[in-house]
Amino acid sequence: MPPSLTDDEFRLFSEWLADTYGLRFGPEKREILRARLDPRRAALNLPTFERLLFHLRFHPDRDQERLLVLSHLTNNESYFFRERKQLDVMREEVLPAIARQARQAGRRSVQILSAGSAGGEEAYTLAIIAREVLRGKGMEAAVTGVDLDTRALERAREGLYRDHAFRGVEPAVRERYFRTDAGAWRLDSSIREAARFQHGNLVDPQWSGSLPPQDVVFCRNVMIYFDKAGVRRAADNLYEVVRPGGFLFLGHAETLSRIPTRFVPVRRPGAVFYQRPKE
Ligand SMILES: C[S@@+](CC[C@H](N)C(=O)[O-])C[C@H]1O[C@@H](n2cnc3c(N)ncnc32)[C@H](O)[C@@H]1O
């Protein structure tokens, strides 16, 4: 019989997850948290969740164990060409504008980031759009995906997807960029090579250290799982990552309106996004 998650254990776990990763586990998610932590508690043969938390905080192997636990706690739901209106604004307005700025600055490539990239669907969608917009213009896009979940990053690097990942996509688009492979769809290597994936924690100021300034960041359906302090920390970190004059897209249910931020909202029909002012 697995142990219950006591009031104190629940409080300590939810505080630790919020402080370390920004993730909010409110009282309504208590049973989900218990069920998702229990396989690791059992695998480590620990009698209580308090011991599991101690292990995650102080054990010499804690980094490895944290990765395993996080794979159970994060939601990696994603699909290609999600939230079409935002992608239309990206294709028709934002990408041409940043390509122009880059060319004027003597750059031949634009930097695009999918922050919270899950299995790579968003990063590769952006790589496809950039390929179509920039083709023949002497410019290219370097796309980076960042995620906390190393299993999701592995899936992204593999570039193999089931039908479910294409629920927002016309078959003709899928057939242009994917080949069938043992009942799944394999992304064309030329698009796969335009994106790279790396591990990072968006609420930790260290995560972006190795990245060049980004022209556009998509961070969609990530902060919806954060507490208010987590949103603020992630938004501050993203501000540092976005080049002055560059852009940030959040998911349609997400906003920066409840936190202090220097990002300026830009409103278009069906899409709100943010700009870091040009300095
Ligand atoms: C629901 S998916 C969103 C995927 C994609 N952006 C989209 O909109 O389709 C959320 C992703 O955010 C990642 N994530 C959650 N907290 C994170 C953090 N603190 N740092 C980096 N990634 C995080 C999760 O691992 C998960 O893959």
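What you see is a predicted model; the values in this text were computed from it and never measured. Residue numbers run consecutively from 1 along every chain, following the written order of its sequence. For this predicted model, a pLDDT threshold of at least 70 governs which residues receive local features, and a threshold of 80 or more governs which side-chain atom pairs are given and counted, while totals over whole chains, interfaces and linings are taken from all residues. Only hydrogens and water are set aside when side-chain values are computed; all heavy atoms of the structure are taken into account.

### Notes on the layout of surface pockets
So, point 1. In this structure, the largest pocket encloses a volume near 560 Å³.
So, point 2. The wall of the largest pocket is formed by 30 residues, among which Thr74, Asn75, Asn221, Val222 and Tyr225 lie closest to the centre.
So, point 3. Broken down by class, the residue content of the lining of the largest pocket amounts to 13 nonpolar, nine polar and eight charged.
So, point 4. In this entry, domain limits derive from an automatic or database-based domain assignment. Composition of the lining of the largest pocket by domain shows at least three residues from each of domain 1 (7-73) and domain 2 (84-275).
So, point 5. The definitions used throughout rest on a 1 Å grid laid over the protein atoms alone, on which a cavity is an enclosed set of points accommodating a 1.4 Å probe that cannot get out and a pocket is an open set flanked by protein within 12 Å on both sides along at least five of seven lines; lining residues are those having an atom within 4 Å of a point. Grid points are joined across faces, edges and corners, and a volume is the space filled by probe spheres set on the points. If you add up the space inside the second largest pocket, you get close to 240 Å³.
So, point 6. Lining the second largest pocket are Asn76, Glu77, Ser78, Gly119, Glu121, Arg155, Leu160, Tyr161, Arg162, His164, Ala165 and Arg167.
So, point 7. Of the residues that constitute the lining of the second largest pocket, the class distribution is three nonpolar, four polar and five charged. Residue classes follow a fixed rule: Ala, Val, Leu, Ile, Met, Phe, Trp, Tyr, Cys and Pro count as nonpolar, while Asp, Glu, Lys and Arg count as charged, and any other residue, Gly among them, counts as polar.

### Concerning the site of the ligand
So, point 1. A molecule or strand has a residue near it when one of that residue's heavy atoms lies within 4 Å. Neighbouring the ligand are 21 residues, the closest being Ser78, Arg82, Gly116, Asp147 and Asn221.
So, point 2. We call two N or O atoms a polar contact when they sit within 3.5 Å, provided that within protein one can donate a hydrogen and the other can accept it, with sequence-adjacent residues counted only if both atoms are side-chain atoms. Within the side chain of Glu122, an N or O atom sits 3.3 Å from a nitrogen atom of the ligand.
So, point 3. Here an oxygen atom of the ligand sits 2.8 Å away from a polar atom, N or O, in the side chain of Asn221.
So, point 4. Alone, the ligand offers 610 Å² of accessible surface; in the complex the protein occludes 99% of this. Values of accessible area rely on a 1.4 Å probe in the Shrake-Rupley scheme; residue burial ignores everything except the protein chains shown.

### Section: the sheet that holds strand 4 (residues 178-181)
So, point 1. If you walk across this open sheet you meet the three strands as 3-5-4, and the pairing is antiparallel. The strands lining the two open edges of the sheet, one partner per strand, are strand 3 (160-161) and strand 4.
So, point 2. Direction of pairing for strand 4 relative to strand 5 (residues 184-187): antiparallel, over a ladder of four bridges. Residue pairing for strand 5: Phe178 is matched across the bridge by Leu187. A pair of strands is labelled paired if DSSP reports no fewer than 2 bridges between them. Secondary structure counts use DSSP, requiring at least four H or I residues in a row for a helix and at least two E residues in a row for a strand, with both numbered from the N terminus.

### Structural notes on the sheet that holds strand 10 (residues 271-275)
For sheets, the rule is that strands pair by backbone hydrogen bonds, running either parallel or antiparallel.
So, point 1. Sheet architecture is open: seven strands sit in the order 6-2-1-7-8-10-9, paired in mixed fashion. Of all strands in the sheet, those bounded by a partner on one side alone are strand 6 (195-199) and strand 9 (264-268). This sheet shows a mean twist of 25° between the axes of neighbouring strands, independent of strand direction.
So, point 2. Examined bridge by bridge, strand 2 (residues 140-147) and strand 6 share five bridges and lie parallel to one another. Note on strand 6: the bridge partner recorded for Asp147 is His199.
So, point 3. Only heavy atoms enter the contact rule, under which two residues are in contact if any of them lie within 4.5 Å. Note on method: axes are straight lines fitted to C-alpha atoms, helices fitted across the in-contact stretch only, with angles between N-to-C directions ranging 0 to 180 degrees. Relative to the sheet, helix 10 (residues 228-241) contacts strand 1 (109-115), strand 7 (214-219) and strand 8 (242-250), its axis offset from that of strand 8 by approximately 135°.

### What to know about helix 1 (residues 7-21)
So, point 1. A helix is expected to reach a length of 1.5 Å times the quantity of its residues less one. Counted at 1.5 Å a residue, the expected span for helix 1 with its 15 residues is 21 Å, and the 21 Å between its end C-alpha atoms agrees.
So, point 2. Only protein chains enter the accessibility calculation, which uses a 1.4 Å probe. A residue is then buried if its area is under 20% of the maximum for its type, exposed if over 50%, and partly exposed in between. Every buried residue of helix 1 is accounted for by Glu9, Phe10, Phe13, Ser14, Trp16, Leu17, Ala18 and Tyr21.
So, point 3. Where the residues of helix 1 are buried, they touch helix 2 (30-43), helix 3 (49-58), helix 4 (62-73) and helix 10.

### Concerning the domain arrangement of the protein
So, point 1. Taken domain by domain, the protein holds domain 1 (7-73) and domain 2 (84-275).
So, point 2. Taken together, the 12 residues of domain 1 in the interface contact 12 residues of domain 2.
So, point 3. A 1.4 Å probe defines the accessible area here, and the buried area is the portion of it lost by two parts on being joined, summed over both. When domain 1 packs against domain 2, the two sides together hide about 1,000 Å² of surface, and 53% of this comes from carbon and sulfur.
So, point 4. Here, a salt bridge means any side-chain nitrogen of Lys or Arg that lies within 4 Å of a carboxyl oxygen of Asp or Glu. Seen at the junction of domain 1 and domain 2, the total is zero salt bridges.
So, point 5. Viewed at the interface, domain 2 and domain 1 are joined by five residue pairs in polar contact (both at pLDDT 80 or more).
So, point 6. For the side of domain 1 that touches domain 2, the secondary-structure elements that each account for two or more residues are helix 1 and helix 4.

### With respect to the nonpolar core
So, point 1. Put simply, a nonpolar core is a bunch of buried Ala, Val, Leu, Ile, Met, Phe, Trp, Tyr and Cys residues held in one set by side-chain atoms that sit within 4.5 Å of each other. Membership of the largest hydrophobic core comes to 45 residues, with the highest contact counts inside it found for Phe80, Met90, Leu95, Val110, Ile112 and Phe249.
So, point 2. Looking at this core, the element that brings in the most residues is helix 6 (residues 121-134), giving nine residues.
So, point 3. Other than its neighbours up to four places away in sequence, Phe249 contacts Gln86, Val89, Met90, Val94, Val216, Val217, Phe218, Cys219, Arg220 and Phe273.
So, point 4. Leu23, Leu211, Leu238 and Val242 belong to the second-largest nonpolar core, a separate cluster that totals 44 residues.

### A few points about the packing of aromatic side chains
So, point 1. Between rings of Phe, Tyr and Trp, where Trp is taken as its six-membered ring, a pair exists when centres lie within 6.5 Å; planes separated by under 30 degrees are stacked, by over 60 edge-to-face, and by other angles tilted. All told, the structure shown has 16 aromatic pairs when counted by the stated rule.
So, point 2. Here Tyr161 and Phe178 contribute two aromatic rings whose centre-to-centre distance is 6.4 Å and whose plane-to-plane angle is 85°, an arrangement assigned as edge-to-face. Note that Tyr161 is positioned in strand 3 and Phe178 in strand 4, a separation of 17 residues in sequence.
So, point 3. Residue Phe178 is classed as buried on the basis of its relative accessible area, which comes to 4%.

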